[in-house]
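What the coordinates show
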Amino acid sequence: MQEILPLSARIDGGRLSVGGIDAEALAAEHGTPLLVYCEETIRAQARAYAKAAPGALVVYGTKAFANVAVLRVLAEEGVGADVSTLGELAFAQAAGIAGQRILFHGNNKSDEELRAAAETGATVVLDAADEPERAAAQGVRQVLVRLTPGVDAHTHQSIRTAHDESKFGLPPERALAVIADARERGLDVAGVHFHVGSQLARVDESVLAVQRLLAFCERAEDELGWRPRTLDIGGGLGIRYTRDEHVPEIDAFVEPLVAALPGDVQVILEPGRSLVGRAGVTLYRVGVVKDSGGVTYVAIDGGMSDNPRPQLYGARYEALLANRAAELPDGIFRVAGKHCESGDVLIQAAELPHPRRGDLLAVPATGAYTLAMGSTYNGVPRPAVVLVRDGAARLIRSREAVDDLLRYEEG
Ligand SMILES: *Cc1c(COP(=O)(O)O)cnc(C)c1O
């Protein structure tokens, strides 16, 4: 299990610890469900990007988990922020990230968002024919243009973004028109952007996208006499969710892409999942354990409200019992959440020692697109989040209370 747990995770005397702290002690102090982030893993991933692409600007895909403390840790490693809403921009600003290190994306930016991006000095990634005019009107100065390279990535259809029918980006013909229009309006068109998709498990799709990007740039030079000084090749590298799953290491993914780019351009990378995914482990308390038609259900005190990825993407996870980590699995169990939906199943078939009420279930690789996509479905407040390192745990997001849910009720 070590290979999908955070770097600082240890199993010692049958107990799981992360960042030098016993998982049971974290659960006792902060309650469950609890999302635990390992600072060492986040920093190691950021450093792997810096090493694989020296001189590149790395911006964190904030949507993977928008959190001020995590953004600050990344900023200390030189990482900026990729944002797509006023809310994400506010998180990046609260973390002290300067506008020069912020990219503002979105397929439907409001005037308010364009103005806020302009005031911050962020680079806006143009994504529609009417955006040069709207961006210029709101005071935006520097822009990139998002190209749809027409690459169909082998990933879940909800997270493919560079195919011809994508709602994101502009096909080459229209991207050229947007570059021309933006320049006429006095915008500084720094370069071109693409993002192939998410949870990518191979590099060849991205290599193809880079080739299309370079062909596009040649066309732009021929037809517009314009050359990019910045090329942004997006994010998308996947992580391992289960031991039988394999994805490239950061260097194996990034190096061939960067090597294919001209040496004289500023390269931008936008990883989200691969920076924070492995760093997160979710701890749940086991409640009811029951047999039903040949299946043994293990019910936990969270579920699709803190991690909807199984429902959205058919995501698969593995788990371990943090308090009985040395015991060998003796069966296959279905880990279900507490929500009123039969589909609220976190793990269809988890190999575990027979769980009992009160056990602490740990689910690795839950740092990206989990709580970030969470809800308060069934009136369940969202869990707390801690950041652990060298035997110290810091609360980086408070547990919501039922009173927080009632705060917005009227009448
Ligand atoms: C989501 C997104 C990212 C980050 O993607 P990951 O798969 O988490 O690395 C980067 N850039 C853009 C434009 C995105 O939409």
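Given the structure is predicted, the values throughout are model-derived calculations rather than measurements. (Residues numbered from 1 in each chain as written. Predicted model: local features only at pLDDT ≥ 70, side-chain atom pairs only at ≥ 80, totals over all residues. Heavy atoms only, no water.)

**So, the layout of surface pockets**
Unoccupied space between atoms shows up once a probe the size of one water molecule is rolled over them. Its volume calculated, the largest pocket comes out at about 960 Å³. Lining the largest pocket are 48 residues; nearest its centre among them are K63, S84, E88, Y369 and M373. Within the residue set of the lining of the largest pocket, elements represented by two or more residues are β6 (80–83), α4 (86–94), α10 (273–276) and β20 (392–397). Looking at the lining of the largest pocket residue by residue, the class counts come to 15 nonpolar, 21 polar and 12 charged. Each of two domains, domain 1 (2–31 + 279–406) and domain 2 (39–274), supplies a minimum of three residues to the lining of the largest pocket. In this structure, the second largest pocket encloses a volume near 400 Å³. In this structure, the second largest pocket is lined by 19 residues; those nearest its centre are Q45, P248, E249, I250 and R278. Secondary-structure elements contributing two or more residues to the lining of the second largest pocket are α2 (39–52) and α9 (250–259). (1 Å grid on protein atoms, 1.4 Å probe; cavity = no way out; pocket = protein on both sides within 12 Å on 5 of 7 lines; lining within 4 Å. Points joined across faces, edges and corners; volume = space filled by probe spheres on them. Helix = DSSP H or I, 4+ residues; strand = E, 2+ residues; numbered from the N terminus. Nonpolar A, V, L, I, M, F, W, Y, C, P; charged D, E, K, R; others polar. Domains from an automatic or database assignment.)

**Describing the side chain of T366**
Of note, T366 is situated in the loop between β18 (360–364) and β19 (384–389). Judged by relative accessible area, which is 1%, T366 ranks as buried. Polar side-chain contacts of T366 include one of 2.8 Å to the side chain of T282. In contact with T366, other than residues within four places in its own chain, are L35, Y37, G277, G280, V281, T282, N307 and Y317. (Buried < 20%, exposed > 50% of the residue type's maximum accessible area, 1.4 Å probe, protein only. Polar contact = N/O pair within 3.5 Å; in protein donor to acceptor, adjacent residues only side chain to side chain. Contact = heavy atoms within 4.5 Å.)

**Topic: the confidence of the model for the chain**
Confidence in the prediction of the chain, expressed as mean pLDDT, is 97, and 100% of residues score 70 or more. Least confident of the elements in the chain is helix α11 (residues 309–313), whose mean pLDDT is 96; most confident is strand β4 (residues 34–38), at 99. (pLDDT = per-residue confidence, 0-100.)

**Some details on the sheet that holds strand β1 (residues 10–12)**
If you walk across this open sheet you meet the three strands as β1-β2-β3, and the pairing is antiparallel. If you trace the sheet from one side to the other, it starts and ends with β1 and β3 (21–22), each paired once. Sheet analysis places strand β2 (residues 15–18) next to β3, joined by two bridges and oriented antiparallel. Within the sheet, the bridge partner assigned to S17 lies in β3 and is D22. (Pairing = 2+ DSSP bridges.)

**Notes on α9**
Along α9, the residues classified as buried are I250, F253, V254 and L257. Take α9 and look down its axis: the buried residues cluster within an arc of 85°, on one side only. The inward-facing, buried residues of α9 abut α2, α8 (204–224), β12 (266–269) and α10. (Arc of directions from axis to C-beta.)

**Thoughts on the domain arrangement of the chain**
A common way to state how big an interface is: give the accessible area lost once the parts meet. Partitioning the chain into domains gives domain 1 (2–31 + 279–406) and domain 2 (39–274). Counting residues at the interface gives 25 residues for domain 1 and 24 residues for domain 2. Buried area between domain 1 and domain 2, both sides added, is near 2400 Å², and the carbon and sulfur share of it is 59%. The tally of links from domain 1 across to domain 2 stands at three salt bridges. (Buried area = accessible area lost by both parts, 1.4 Å probe. Salt bridge = Lys/Arg side-chain N within 4 Å of Asp/Glu carboxyl O.)

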